[in-house]
Amino acid sequence: MRSIRSHILIFLTVTSSLTFAQSVSDSLSILSTVEQPNKFHTKFDKQLNTYYLTAGFRYGHNFGQSHISVFENFNSTFIKSGEKSIRDEQVFSILGAHDFNPLLSSGIYVNSVILSDNRRIEINQASASGINIFTSYKPQEKIAFTPFFGIANNRQIGQSDNGLIYGAEGLIDDLHLSDFSISSEIKFRNEDISPRKNTQRYLNFYLINDFEGDVSNFVNIKYIQQRKDFYYEADSVTSREFDVVNNIQSRIETSYLIQDRLYINRIFNLFTLDMTGKAIWRNIDRDTRYRTLQNVSSSIFDTKINELRLEFESAAGYSSKIFNGSLRMLISERDEKHITKNFEGAPNIFFEERSRLESRKNNNSTRASVSLLGEFRFSSTDRLLISLFQNKLRYDTPSDDNFDDRDELLSIIRLRYSKKLNPFFEAFVSAEGTYNHIVYILAERSSNNNVNRILRLSAGGDYRGKNVSSLNSFEVSANYTVYDFEDLNPNFRSFSFRQFTAVDSSQIKLNNRFTLGFYGYIKLSEQGDLRWASFSTKPTRYLEELFGEPKIILNYDAVSLAMGVRYFSLKTFNYDKRRRVLFSRYRSLGPTTEVIIFSSQSLYFRIYGWYEFINLNFVTDAEQANVMMEVNWNF
């Protein structure tokens with residue numbers, strides 16, 4: 001019965017979410033049957049003027065036929081700038097349950113969720129808390145049903161509401177009937193916190209049929225509907241007419257999914273075939289509770305969105321002694337419509353204006369893509385990886401007032417050859433090319449038409465010896481962006497960006513306790529104006545970036561201690577004709593330290609920090625400490 005209690009805890013934790021939380025993706029994890037271990041975790045990160053803290057724990061214990069679970073999670077972000085920004089999120093829950101028999105258990109659940117933000121926004125302060133009584137009935141091992149009932153308090157922008165929460169959850173977990181396997185998840189939930197109401201309906205049905213050992217058919221039907229009522233500050237006219245401080249907007253999102261997947265394995269013991277077709281409908285409906293006709297404008301009308309997406313995907317795989325590869329094809333079509341909702345008494349002129357504005361957002365798109373991934377194994381020491389990707393997007397907007405119609409073509413090719421020269425050293429060389437062409441159909445935006453070409457070449461080696469290990473790579477890249485009509489529009493100028501990067505990561509083991517480590521890189525970058533016809537550039541900006549961190553590491557059983565020096569330098573140059581002129585210089589230098597404690601699977605502790613003396617334009621004007629601490633403890 002403990003797995004049922006785990007389902008209940010996860011379910012009630014999710015259903016206690018605040019009214020501003022719109023995601024329903026967490027519904028997919030409600031019925032997780034995975035037992036999670038007791039755990040404590042915390043992480044603190046301070047870099048520059050940003051402080052981030054997260055901490056929490058999860059604890060569960062059995063007392064004979066009774067069980068208790070406690071969950072806590074806290075996140076805080078603090079940005080120290082001209083105007084300080086503080087954002088805190090806290091979730092706490094405690095659950096107690098008792099098993100009366102193998103089929104029936106019952107218990108009580110208390111939860112609290114708090115959001116606090118010092119910014120002056122409408123939902124900067126919100127909380128939700130409640131007490132729930134639940135009963136879980138499990139008529140057989142793979143079927144469970146859990147009704148629940150409780151009271152809740154919900155606060156948003158200074159207004160508190162009390163009410164009832166009630167609903168039920170059902171589960172069928174991999175139930176086998178003849179040649180079929182059935183799984184289903186269902187949830188019904190109401191939150192009546194007058195004058196608001198939040199609801200959720202969730203159904204997810206899976207049917208798997210294994211015709212033979214190598215042929216499977218998978219059918220998935222999903223229905224999700226979620227309603228959330230939000231407070232927002234009412235304007236003065238609405239406030240006087242309806243005698244309210246806050247207005248209420250309801251947002252109802254409904255989605256449907258039908259999916260069929262056919263998988264065929266071991267065709268001639270060489271091929272696999274995977275085909276999937278899906279249809280997705282999604283509707284978003286907004287409704288404002290209090291609307292006045294005393295101050296009419298186009299903004300008083302509510303809207304809704306209807307979206308339909310059809311997808312077909314096919315993937316074929318091939319496997320032999322010298323080659324593994326896969327070919328994937330995807331065709332997707334999406335249609336989105338934005339509709340204005342009229343109401344009685346509203347002037348038609350404002351309704352037509354809002355309808356015209358919303359219709360500008362209507363769009364439909366078609367996407368087709370083909371990708372190939374393959375690996376040639378010429379020998380036990382020689383390998384060649386090849387990757388090809390081709391994507392075509394067509395984006396259309398029916399409105400005459402929208403000029404965003406465009407076609408996009410994206411092509412990417414990657415090659416990587418590696419050779420193991422001996423048991424200790426592997427060398428590699430790789431090349432990558434990207435071609436991206438964007439064409440706006442209408443003249444109003446055709447000045448944005450451009451072609452982007454990227455080329456990368458890299459080489460390097462990986463040495464793994466008894467006492468020395470070193471990974472080195474060298475890369476040159478060139479990025480060329482060319483506008484089709486730059487001669488007609490001076491705001492768009494073709495440009496180039498070229499860069500050289502060298503990276504080194506090495507360790508030398510001095511003895512069983514001490515190791516020397518180093519990580520560093522060099523980046524040299526140049527940006528310039530480009531004339532593609534003559535393939536000539538006029539450099540406009542140059543950057544020189546250096547980073548190095550040598551350190552000595554002491555390893556003692558499960559403890560690792562490291563001390564070193566961190567150096568970072570960034571120089572920017574402008575150009576006087578062809579001569580580089582130093583524009584700015586940033587340099588940071590200071591000591592670093594790191595402590596790591598790792599004990600099997602139960603404890604991981606790491607603290608890493610550095611103190612830096614900052615030199616800006618040859619003047620030392622700042623000192624700063626940076627620290628990151630992380631603890632994970634499974635107990």
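Because the structure is predicted, anything quoted here is derived from the model rather than measured.

Cut-offs and rules
Residues numbered from 1 in each chain as written. Predicted model: local features only at pLDDT ≥ 70, side-chain atom pairs only at ≥ 80, totals over all residues. Heavy atoms only, no water. Helix = DSSP H or I, 4+ residues; strand = E, 2+ residues; numbered from the N terminus. Buried < 20%, exposed > 50% of the residue type's maximum accessible area, 1.4 Å probe, protein only. Contact = heavy atoms within 4.5 Å. Areas by Shrake-Rupley, 256 points an atom, 1.4 Å probe, with all protein chains shown as cover. Lys, Arg positive; Asp, Glu negative; His and termini not counted. Charge placed at Lys NZ, Arg CZ, Asp CG, Glu CD. Polar contact = N/O pair within 3.5 Å; in protein donor to acceptor, adjacent residues only side chain to side chain. Phe/Tyr/Trp six-rings, centres within 6.5 Å; stacked < 30°, edge-to-face > 60°. Salt bridge = Lys/Arg side-chain N within 4 Å of Asp/Glu carboxyl O. Pairing = 2+ DSSP bridges. Patch = residues over 30% accessible without salt bridge, like charges linked within 9 Å, V, L, I, M, F, W, Y side chains within 5 Å. Core = buried A, V, L, I, M, F, W, Y, C linked by side-chain atoms within 4.5 Å. Expected span 1.5 Å × (residues − 1). Arc of directions from axis to C-beta. pLDDT = per-residue confidence, 0-100.

*Asks:* Explain the overall build of the protein chain residue by residue, including any values.
*Replies:* Counting secondary structure elements, the protein chain contains three helices and 28 strands. In terms of its C-alpha atoms, the protein chain occupies a principal-axis envelope of roughly 70 × 70 × 70 Å. The buried share among the 635 residues of the protein chain stands at 37%. Considering only contacts in the protein chain between residues 6 or more positions apart, those separated by 24 or more positions represent 55%. Accessible surface computed for the protein chain: about 35000 Å², of which carbon and sulfur atoms make up 58%. For the protein chain, the centre of its 75 positive side-chain charges and the centre of its 73 negative side-chain charges are spaced 6 Å apart.

*Asks:* For the side chain of Arg354, give the residues involved together with the corresponding values.
*Replies:* By secondary structure assignment, the location of Arg354 is in helix 3 (residues 348-359). At a separation of 2.9 Å, a polar atom in the side chain of Arg354 contacts the main-chain carbonyl oxygen of Ser298.

*Asks:* Got a sec to walk through unusual backbone geometry? Specific residues and values, please.
*Replies:* In this model, Ser194 is joined to Pro195 through a cis peptide bond whose omega is 10 degrees. Relative to the helices and strands, Pro195 resides in the loop between strand 9 (180-193) and strand 10 (196-212). Of note in the backbone geometry, Asp174 takes a positive phi value of approximately 55 degrees without being a glycine. Structurally, Asp174 is set in strand 8 (residues 159-177).

*Asks:* Explain the packing of aromatic side chains to me, using residue names and the numbers behind them.
*Replies:* Enumeration according to the criterion identifies 25 aromatic pairs in this entry. Each ring, one from Phe376 and one from Phe378, has its centre 5.9 Å from the other, and the planes form 5 degrees; the classification is stacked. Phe376 gets classed as partly exposed once you look at its relative accessible area, which sits at 30%. Residues Trp532 and Phe535 carry aromatic rings whose centres are separated by 5.4 Å and whose planes lie at 80 degrees to one another, so their mutual orientation is edge-to-face. What links up through ring pairs into an aromatic cluster is the set Phe271, Tyr318, Phe323, Phe376 and Phe378.

*Asks:* I'd love a proper account of the pattern of salt bridges, names of residues and values included.
*Replies:* Under the counting rule described, the total for this entry stands at 39 salt bridges. The closest approach of N and O atoms between Glu358 and Arg354, which form a salt bridge, is 3.2 Å. One end of the pair, Glu358, and the other, Arg354, are both in helix 3, four residues apart, so they sit about a helical turn from each other. Of the residues examined, Glu358 reaches a relative accessible area of 5% and is grouped as buried. With its nearest N and O atoms 3.7 Å apart, the salt bridge here joins Arg356 to Asp401. One end of the pair, Arg356, is in helix 3; the other, Asp401, is in the loop between strand 17 (382-396) and strand 18 (406-420), and 45 residues separate them in sequence. We classify Arg356 as partly exposed; its relative accessible area is 40%. We classify Asp401 as partly exposed; its relative accessible area is 30%. By sharing partners, the salt bridges in this structure join Arg251, Glu253, Arg282, Glu307, Arg309 and Glu311 into a single network.

*Asks:* Explain the environment of Glu408 residue by residue, including any values.
*Replies:* Relative to the assigned elements, Glu408 resides in strand 18. On the accessibility criterion, Glu408 (21% relative accessible area) is partly exposed. Each C-alpha atom of the pair Glu408 and Leu104 lies 58 Å from the other, and the pair is 304 residues apart in sequence. Among all residues touching Glu408, those that are not within four sequence positions of it are Asn391, Lys392, Leu393, His437 and Ile438.

*Asks:* Go over the pairing of strand 21 (residues 468-483) with me, naming the residues and quoting the values.
*Replies:* Pairing between strand 20 (residues 450-464) and strand 21: 15 bridges, direction antiparallel. Bridge assignment links Tyr463 to a residue of strand 21, and that residue is Ser470. Note that strand 21 and strand 22 (residues 495-509) share 14 bridges and pair antiparallel. Each residue of the ladder has a partner; that of Val476, found in strand 22, is Phe500.

*Asks:* So what's going on with a nonpolar patch on the surface? Residues and values would help.
*Replies:* Taken together, the side chains of Phe424, Tyr463, Val468, Ile508, Leu510, Phe514, Leu516, Ile552 and Met563 present a nonpolar region at the surface, about 780 Å² in accessible area. Relative to the helices and strands, Ile508 is located in strand 22. Classification of Ile508 by relative accessible area gives partly exposed; the value is 41%.

*Asks:* Go over the nonpolar core with me, naming the residues and quoting the values.
*Replies:* By size, the foremost hydrophobic cluster in this structure holds seven residues: Leu95, Ala97, Tyr109, Phe134, Phe148, Ala152 and Ile165. Formed by five residues, the second largest nonpolar core is a distinct cluster that contains Ile300, Phe301, Phe343 and Ala346.

*Asks:* Lay out the pairing of strand 18 in plain terms, naming residues and giving numbers.
*Replies:* In this sheet, strand 18 lies alongside strand 17 in antiparallel orientation, the contact comprising 14 bridges. The residue bridging Lys392 from the neighbouring strand is Leu409, located in strand 18. Note that strand 18 and strand 19 (residues 425-440) share 15 bridges and pair antiparallel. Following the sheet pairing, Leu409 is matched in strand 19 by His437. A loop of four residues connects strand 18 with strand 19, the two strands running antiparallel in sequence.

*Asks:* Let's hear about helix 3: which residues, and what values?
*Replies:* For helix 3, which comprises twelve residues, the first-to-last C-alpha distance of 16 Å matches the rise-based estimate of 16 Å (1.5 Å per residue) to within 8%. For helix 3, every residue scored as buried is listed here: Phe351, Arg354 and Glu358. When helix 3 is viewed along its axis, its buried side chains cluster within an angular range of 70 degrees and face the same direction. Counted as exposed and oriented over 90 degrees from the buried face of helix 3: Ile349 and Glu352.

*Asks:* Which residues make up the side chain of Ser446, and what values do they have?
*Replies:* Along the chain, the position of Ser446 falls in the loop between strand 19 and strand 20. Judged by its relative accessible area of 18%, Ser446 is buried. Every residue in contact with Ser446, bar those within four places of it in the chain, is listed here: Tyr440 and Phe485.

*Asks:* Requested: an account of the confidence of the model for the protein chain, with residues and values cited.
*Replies:* For the protein chain, the mean per-residue pLDDT works out to 88, and 93% of the residues sit at or above 70. Per-residue pLDDT, averaged within each element of the protein chain, yields its smallest value for helix 1 (residues 2-15) (39) and its largest for strand 17 (97). This stretch, residues 1-26, has a pLDDT under 50; its non-local contacts, to residues over four places away or in other chains, come to 83 contacts. Here residues 28-34 scores under 50 on pLDDT; set against residues more than four positions off or in separate chains, the count is 20 contacts.

*Asks:* Residues and numbers for the environment of Gln624, please.
*Replies:* Looking at the element boundaries, Gln624 is found in strand 28 (residues 619-634). With relative accessibility at 14%, the residue Gln624 sits in the buried group. Along the chain, Gln624 and Asn436 lie 188 residues apart, while their C-alpha atoms are 42 Å from each other. Not counting the four nearest positions on each side in its chain, Gln624 is found in contact with Lys46, Leu48, Asn49, Trp610, Tyr611, Glu612 and Ile614.

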